[in-house]
Amino acid sequence: MEHNEIRSTLVDQNSPSPPLPNSKKPKGGWRSIKYILGNETFEKLASMSLIANITVYLRTKYNMDGILLVNVVSIWSGSSNITAIPGALISDTYLGRFRTLLYGSIASFLGMGIMTLTASIPELRPTACQGPNCPQAEDWQLAILFTGLAFLAIGSGGIRPCNIAFGADQFDTRTPKGKAQLESFFNWWYFSFTLALVVALTAVVYIQTNISWILGFGIPTGCFFLSIAIFLIGYHTYIIKKPQGSVFSDMAKVITAAFRKRGAKVESEYENFFYDPPLSESESETETKKLPHTDRFRCLDKAALIVDSSELDEQGKAKDGWRLCSLLQVEQLKMLVGMIPVWISGIFIFVSMDQQNTIGILQAIQTDKMVGDFNFPPGWMGLLSMLSLSTWIFLYERVYLPLSQKMTGKLRRLNMRQRITMGILMGTLSLLVSGFVERKRRLSALQHGTFESPLSIFVLVPQYCLSGMTEAFGAVALMEFLTTQLPESMRTVSGAIFFLSLSVASYFNSALVNVIHGITRKYAKAPWLGGTDLNKDTLEYFFFLVAGIEILNLLYFNFFAYRFVSNDIIGSKDSENVENMQKEESV
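Residues numbered from 1 in each chain as written. Predicted model: local features only at pLDDT ≥ 70, side-chain atom pairs only at ≥ 80, totals over all residues. Heavy atoms only, no water.

Here we come to the overall build of the chain. On a plain count of helices and strands, the chain comes out with 21 helices and two strands. The buried share among the 587 residues of the chain stands at 50%. Taking all contacts inside the chain whose residues are at least 6 apart in sequence as the whole, residues at least 24 apart take part in 80%. Carbon and sulfur atoms make up 63% of the accessible area of the chain, which amounts to about 27800 Å² in all. (Helix = DSSP H or I, 4+ residues; strand = E, 2+ residues; numbered from the N terminus. Buried < 20%, exposed > 50% of the residue type's maximum accessible area, 1.4 Å probe, protein only. Contact = heavy atoms within 4.5 Å. Areas by Shrake-Rupley, 256 points an atom, 1.4 Å probe, with all protein chains shown as cover.)

Inspection of the secondary structure assignment puts Leu 312 in the loop between helix H11 (281-285) and helix H12 (327-338). C-alpha separation for the pair Leu 312 and Tyr 275, spaced 37 residues apart in sequence, amounts to 9.3 Å. Leave out the neighbours within four places in its chain, and Leu 312 touches Tyr 275, Ile 306, Lys 317, Ala 318, Lys 319 and Leu 324.

Here we come to the environment of Ile 207. When you line up the elements, Ile 207 lands in helix H8 (residues 176-211). Residue classification places Ile 207 among the buried residues on the basis of a relative accessible area of 16%. For Ile 207 and Pro 377, which are 170 residues apart along the polypeptide, the C-alpha to C-alpha distance reads 9.4 Å. Leaving out residues up to four positions away in the same chain, Ile 207 has contacts with Ser 212, Leu 215, Gly 216 and Ile 219.

Below, the discussion takes up the pattern of salt bridges. Scanning the entire structure with this criterion turns up 11 salt bridges. For Lys 44, the salt bridge is made with Glu 43, and the minimal N-O distance between the two is 2.9 Å. Judged on exposure class, the residue Lys 44 and its partner Glu 43 are both buried. Between Arg 260 and Asp 320 there is a salt bridge, with its nearest N and O atoms 3.6 Å apart. Linking Arg 260 in helix H10 (residues 247-260) with Asp 320 in the loop between H11 and H12, this pair joins segments that are 60 residues apart in sequence. (Salt bridge = Lys/Arg side-chain N within 4 Å of Asp/Glu carboxyl O.)

Before going further, it helps to examine the side chain of Ser 47. Mapped onto the elements, Ser 47 comes out in helix H2 (residues 30-61). Only 3.4 Å separates the side chain of Ser 47 from the backbone oxygen of Lys 44, close enough to count as a polar contact. (Polar contact = N/O pair within 3.5 Å; in protein donor to acceptor, adjacent residues only side chain to side chain.)

Contact pair H10 / H12: the axes reach a minimum separation of 9 Å and the direction vectors enclose 100°. The angle between H10 and H12 falls in the class roughly perpendicular. Counting all contacts with H10, which are made through Val 247, Asp 250, Met 251, Val 254 and Ile 255, the residues of H12 involved are Gln 329, Val 330, Gln 332, Leu 333 and Leu 336. Here the contact of H10 with H12 is built from residues that sort into seven nonpolar, two polar and one charged. (Axes fitted to C-alpha atoms, helices over the stretch in contact; angles between N-to-C directions. Parallel < 35°, antiparallel > 145°, perpendicular 65-115°, else oblique. Nonpolar A, V, L, I, M, F, W, Y, C, P; charged D, E, K, R; others polar.)

Here Ser 326 is to be found in the loop between H11 and H12. Classification of Ser 326 by relative accessible area gives buried; the value is 9%. Not counting residues within four places of it along the chain, the set of residues in contact with Ser 326 comprises Tyr 275, Pro 277 and Ala 304.

Take helix H15 (residues 381-408) next. Here H15 is 28 residues long and its end C-alpha atoms lie 39 Å apart, about the 40 Å a rise of 1.5 Å per residue gives. Helix geometry: H15 is bent most strongly at Tyr 396, by close to 40°. In the segment just after H15, Gly 409 is the residue with positive phi, at about 80°. (Expected span 1.5 Å × (residues − 1). Bend = angle between axes of the 7 residues up to and from the residue.)

What follows covers unusual backbone geometry. The backbone of Asn 63 sits at a positive phi, close to 55°, despite the residue not being glycine. Looking at the secondary structure, you find Asn 63 in the loop between H2 and helix H3 (66-82). We classify Asn 63 as buried; its relative accessible area is 2%. A positive phi angle, close to 50°, is found at Phe 297, a residue other than glycine. By secondary structure assignment, the location of Phe 297 is in the loop between H11 and H12. Judged by relative accessible area, which is 30%, Phe 297 ranks as partly exposed.

Turning to the confidence of the model for the chain, a few remarks are in order. Looking at the chain, the pLDDT average stands at 81 and 86% of residues meet or exceed 70. Low confidence marks residues 1-23, where pLDDT is under 50. Its contacts with residues over four positions away, or in another chain, come to 24 contacts. Predicted confidence is poor over residues 567-587, with pLDDT under 50, and the contacts of this stretch with residues over four places away or in other chains come to 15 contacts. (pLDDT = per-residue confidence, 0-100.)

All right, on to the packing of aromatic side chains then. Summed over the entire model, instances satisfying the criterion amount to 26 aromatic pairs. Taken together, a centroid distance of 5.8 Å and an interplanar angle of 65° make the contact between Tyr 57 and Tyr 62 edge-to-face. For Tyr 62, a relative accessible area of 1% puts it in the buried group. Relative to Phe 217, the ring of Trp 213 has its centre 5.5 Å away and its plane inclined at 65°; by these criteria the two rings are edge-to-face. Here Trp 213 pairs with Phe 217, and both are found in helix H9 (residues 213-233), just four residues apart, close to one helical turn. Phe 217 carries the same exposure label as Trp 213, and that label is buried. (Phe/Tyr/Trp six-rings, centres within 6.5 Å; stacked < 30°, edge-to-face > 60°.)

The next subject is helix H16 (residues 416-448). Over its 33 residues, H16 runs 48 Å from end to end, which matches the ideal 48 Å to within 8%, given 1.5 Å per residue. The backbone nitrogen of Arg 417 has a side-chain oxygen 3.1 Å away, supplied by the residue at the start of H16, namely Asn 415. At the C-terminal side of H16, Gly 449 shows a positive phi close to 65°.

Counting residues in each nonpolar core, the largest one holds 114 residues, and the members touching the most others are Leu 58, Met 115 and Phe 542. Among the nonpolar cores identified, the runner-up in size contains 16 residues, and Leu 101, Ile 159, Ile 228 and Tyr 238 belong to it. (Core = buried A, V, L, I, M, F, W, Y, C linked by side-chain atoms within 4.5 Å.)

A cluster of nonpolar residues, Ile 551, Leu 552, Leu 555 and Phe 559, forms a patch on the protein surface that exposes about 430 Å² of accessible area. Secondary-structure assignment places Leu 555 in helix H19 (residues 539-561). (Patch = residues over 30% accessible without salt bridge, like charges linked within 9 Å, V, L, I, M, F, W, Y side chains within 5 Å.)

Next comes the structure, spelled out in structure tokens:
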């Protein structure tokens, strides 16, 4: 076999390949991971520094009032998350993970470059506020700003669904060594993410707020450039898998086929007339496994029902995948549908967290930020949530679990229902505390006749810490639920669904803000929110309203949605295996 034929054969395989006769080192493994982690670290440092301080930038440099600001941040955040779904679809179906990651990084670099231009050229922004009436941005100025944010959202859609998956591609998970290496990769990925987050929320945010927005945006732009350069330098080390098709397209096929056969009847005697072919070669290579047929959502079974022999070709395969689907495709969609009730509850957990990322920052802007001679950046408040989350995880893993095992002889972890319930409760408390603190902050500012309240910015610490606990309990449990609910071959789908919940939460928050502003502006003595000065609003009522929504979410979850957690067979088995392994390790 010629050298080119050997190379072609190796590229077509979906597992790490042995080295070519002329190559010194095999592709994949830790040799390529260092470039992937380098790309990820600089990309996250750049993106998180903008996310943490975008509210402050739009408020101080674009003079945006509360409504417009919340809309821009929420819609941009939602779009950055929802683009992960088309990004995953394009990656799995057409481009592959390497090219999708590369194009996403380039789009993000262009978007951050445009943001740097808006900070560098004063003509691209409205003039600074000189009094109570701040000049608003022109339409063409907003168009340039939104173009930069759009490129960043598109870039996120290419990066978020592919970065972890592309790193996992570098290991042969069919071997114990490959599985162990993959677990180490996840740890190092999270370490690099945390490191980038800390640097972004401290050094870069401080530069943006207290030194220069030009330099503060120029640094992330340079980081995006470095991430692309590092990623390309490692090209010769990567295992690049070809697109294998997307589960999302299979979902569309099942829904279409079931609708086209909506008149057919599915009865128990039809069991032998379901289309259930053996796994294809590509499905076997991606560790896809057969799923048992279930009786739930039986209307979807019509997609796999063979109503006419003409639907099959001579080899017994479906002629039209949009009319006849396999039982595997149907059961995969059933699993996703079964996750919806818990997923909805998760959306409202993120709604409570969103308040601190937008309105909470506006509160911080109108407090006393001076700590001695040091001006405390409002964007640093997000650090409190992260520290609260990290502290709880450490205490839970290193104190609570060993102590409970020592006292009871068993490893008693909080189950998923308990953690999601605690997440909703923490979110509710965060909102209630925010409301009471805001009332005190506003009355203090009105009493002294100042824009900034004399209250210290640290009066907001409790609500941010509670928001971090909301994430520690609710968001982490939701991610675990979405992951363990699905088989290993669909784990990338769980990530896309998680980002979709973030997106829906952002859009809901934006819609809620607009509706409440419209109603209270007409019928209340003072609008609840919406102006450039929170002292003229009664923001505490908005916090109390969202807290009421969280209470309804708590009732919804504990009286209905939790049942879909207890029926999670895959998750239960995984939990048992993890607990047994930990018991063995402790012995």
